[in-house]
Amino acid sequence: MIKIIKNSKIDFALILALCSISILLFSISNDYGISWDEDWHRTSGKRVGVFLGQQIGLFSNLSTDYPNKTDYHGIIFDTICAFGEEIFGLQDSRKIYFMRHKLNVLFYLVGVVFFFYFSKYVFQKKSFAYIATSFYLVHPRLFANGFYNMKDSIVQVYVVIALFFLYKYLKTKKLSSLVFSGIFCGIATTTRIPIVYLAVYFSIFIYFSNYFSLEKKVFNNNKILKHIFIYNFVYLVSLLIFWPVLWKSPIIKFIEIFELTKSYVVDNNQFFMGDYVNSKDVPDIYLPVWILVTTPISFLVFFLVGIISFLRQSLNKINFKTISNAFNLFCFFTPLTAAIIFNSTLYDSWRQFHFIYPFMVMIIMSGFTFILSRLKLILNKEGLRPLLLLVFFTFSSPIYSLVKYHPNQFVYFNNFAGKDPMLNFDGDYWGLSYRQGLEYIAENDNRKKIKISVRNSPGRHNIKILDKKDRDRFEYVENIKESNYYLTNYRWKMKENYHLAKIDMHPVGKEYFSVNLGQMKILGVYKINLND
């Protein structure tokens, strides 16, 4: 990374900020539970590791079923985690998941750094780059996902790195930057295949941004087309190299995976706007509403103003700035529109589309700068005062929510969702709060063996992140009647049981412990044998 930004002067303020943020994030990384997908990702990484080793003559004594029909996501992060587990000789499951969370947040921090430098290329002002990076970092839900979401937060990083190199190419015209952009765009596509559209939009943006370049150099059509060809060639090679699933029959397998992910069979009910909707047939407003109720309201205001500002500017003249803003708008809205048109299988809010957030931040910043200019006129002041006032208004509430909700920022809702958002929307669909329930039981029940039953699989998986002395005490049983405690995040029972749980009339019994955020009850623990 040092080589990548070697032309930049040493920014001590940035180094101090990055060090402070890194220390903070690493210090709290152990606070999160195990999410729904993490156990699968751990197993997947080991399977891929064995497969890759066998390609170079290693691990001949081991067997692996990789790749199979479920292996259509990228391999890089899971494989790094699997090798990390072996390199450090980790045997204890608690230490293994702590390591995975630290690696997850390390990747996320790399994305933050690249986003800062990307923002500097876009806005040409260090202060605006800091503000844009703050928008990127302090979205409560995405912040939390940066610790444990091993697909969506990771692919978000790949997209940011691809954007950084794209804008570096536009500034320096160095082909090496374009090559790196193609590589990371390819890696991003292996992780979330809908990102294939970015390769097309990047190519179009390269052409028109050069045509409307502010530097007013002579437009060399043949040279630009050659660079676009090289970019797409590198993109396709990257796609092939970093996606072993394609190694045998690339085109056929790519089409097969694209069709699979477009209508992935996850046949379950999502609790949305007070009712159940099937994940295979969600309403058209599913994604827009989830973005609306889980994004800080100040961010949404700037986003709307940013769109209006762009429309006004584009009516006056077309230049690099308007082309760049159009690029961000298209990159943001295209996957959302495609999901609606193709009736894609959707679940767990908008986490599958976190990769569009960097583009959303750029639109938000357009609104921010527009309102800042108007604020300076109203106050009749230049300098820092209007900027600091707007920054305080913008970030005070999201930062307060980050602190208040910790370590449960993943269930952040804004005021648009109502006083108790879980009356209308799924809460802890990741199942991370099970850890808090298990830790409470372990601390307050001194029996050598404690039998538990849980609503869904994260309840079992979170036993693995407890201290070994507590981990060994828990025994999972299927039958609730045979358990001492029943733990639930109410998923798929929101309509039936959550309302009853709110008035302590859950069908299982009396509440023993709960995790509450405001009026939301994201986890309930029920003692089965009240005579214990």
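Small disclaimer: the values here were computed from a predicted structure and weren't measured.

Scoring rules and cut-offs
Residues numbered from 1 in each chain as written. Predicted model: local features only at pLDDT ≥ 70, side-chain atom pairs only at ≥ 80, totals over all residues. Heavy atoms only, no water. Helix = DSSP H or I, 4+ residues; strand = E, 2+ residues; numbered from the N terminus. Rg over C-alpha atoms; globule rule 2.2 N^0.38 Å. Contact = heavy atoms within 4.5 Å. Areas by Shrake-Rupley, 256 points an atom, 1.4 Å probe, with all protein chains shown as cover. Lys, Arg positive; Asp, Glu negative; His and termini not counted. Charge placed at Lys NZ, Arg CZ, Asp CG, Glu CD. Disulfide = S-S within 2.5 Å. Core = buried A, V, L, I, M, F, W, Y, C linked by side-chain atoms within 4.5 Å. Buried < 20%, exposed > 50% of the residue type's maximum accessible area, 1.4 Å probe, protein only. Phe/Tyr/Trp six-rings, centres within 6.5 Å; stacked < 30°, edge-to-face > 60°.

**Observations concerning the overall build of the protein**
Within the protein, the regular secondary structure consists of 20 helices and seven strands. Expected size for 532 residues packed as a compact globule is a radius of gyration near 24 Å; at 24 Å, the protein falls within 12% of this value. For the protein, the spread of C-alpha atoms along the principal axes amounts to about 85 × 65 × 45 Å. Long-range contacts, defined as pairs at least 24 residues apart, comprise 75% of the intrachain contacts of the protein with a sequence gap of at least 6. Here the protein displays about 24,100 Å² of accessible surface, and carbon together with sulfur accounts for 63% of that area. Charge separation in the protein, taken as the distance between the mean sites of 59 positive and 37 negative side-chain charges, equals 12 Å.

**Here's the deal with the state of the cysteines**
On inspection of all chains with the given rule, the structure shows zero disulfides. We note that Cys185 lacks a disulfide partner, and the nearest cysteine sulfur, in Cys331, lies 9.2 Å from it.

**Structural notes on the nonpolar core**
Phe135 and Phe327 are the most contacted members of the largest nonpolar core, which totals 160 residues. If we ignore the near neighbours within four places in the chain, the residues touching Phe135 are Phe299, Phe302, Tyr357, Val361, Ile364, Met365, Phe368, Thr394 and Phe395.

**Here's the deal with the side chain of His506**
Within the secondary structure, His506 is located in the loop between α20 (494–502) and β6 (511–517). Excluding residues that lie within four positions of it along the chain, His506 makes contacts with Tyr486, Thr488, Tyr490, Asn497, Leu500, Ala501 and Tyr526.

**Remarks on the packing of aromatic side chains**
Following the criterion strictly, the structure yields 57 aromatic pairs and no others. Measuring from centroid to centroid gives 5.8 Å for Tyr148 and Trp430, while their planes differ by 75 degrees, and the two rings are edge-to-face. Taken as a pair, Tyr148 in helix α6 (residues 140–148) and Trp430 in the loop between α16 (384–405) and α17 (434–444) lie far apart in primary sequence, 282 residues in all. Each member of the pair, Tyr148 together with Trp430, is buried. Pairing Tyr440 with Phe513 gives two aromatic rings, centres 4.1 Å apart and planes at 10 degrees, and the pair type is stacked.

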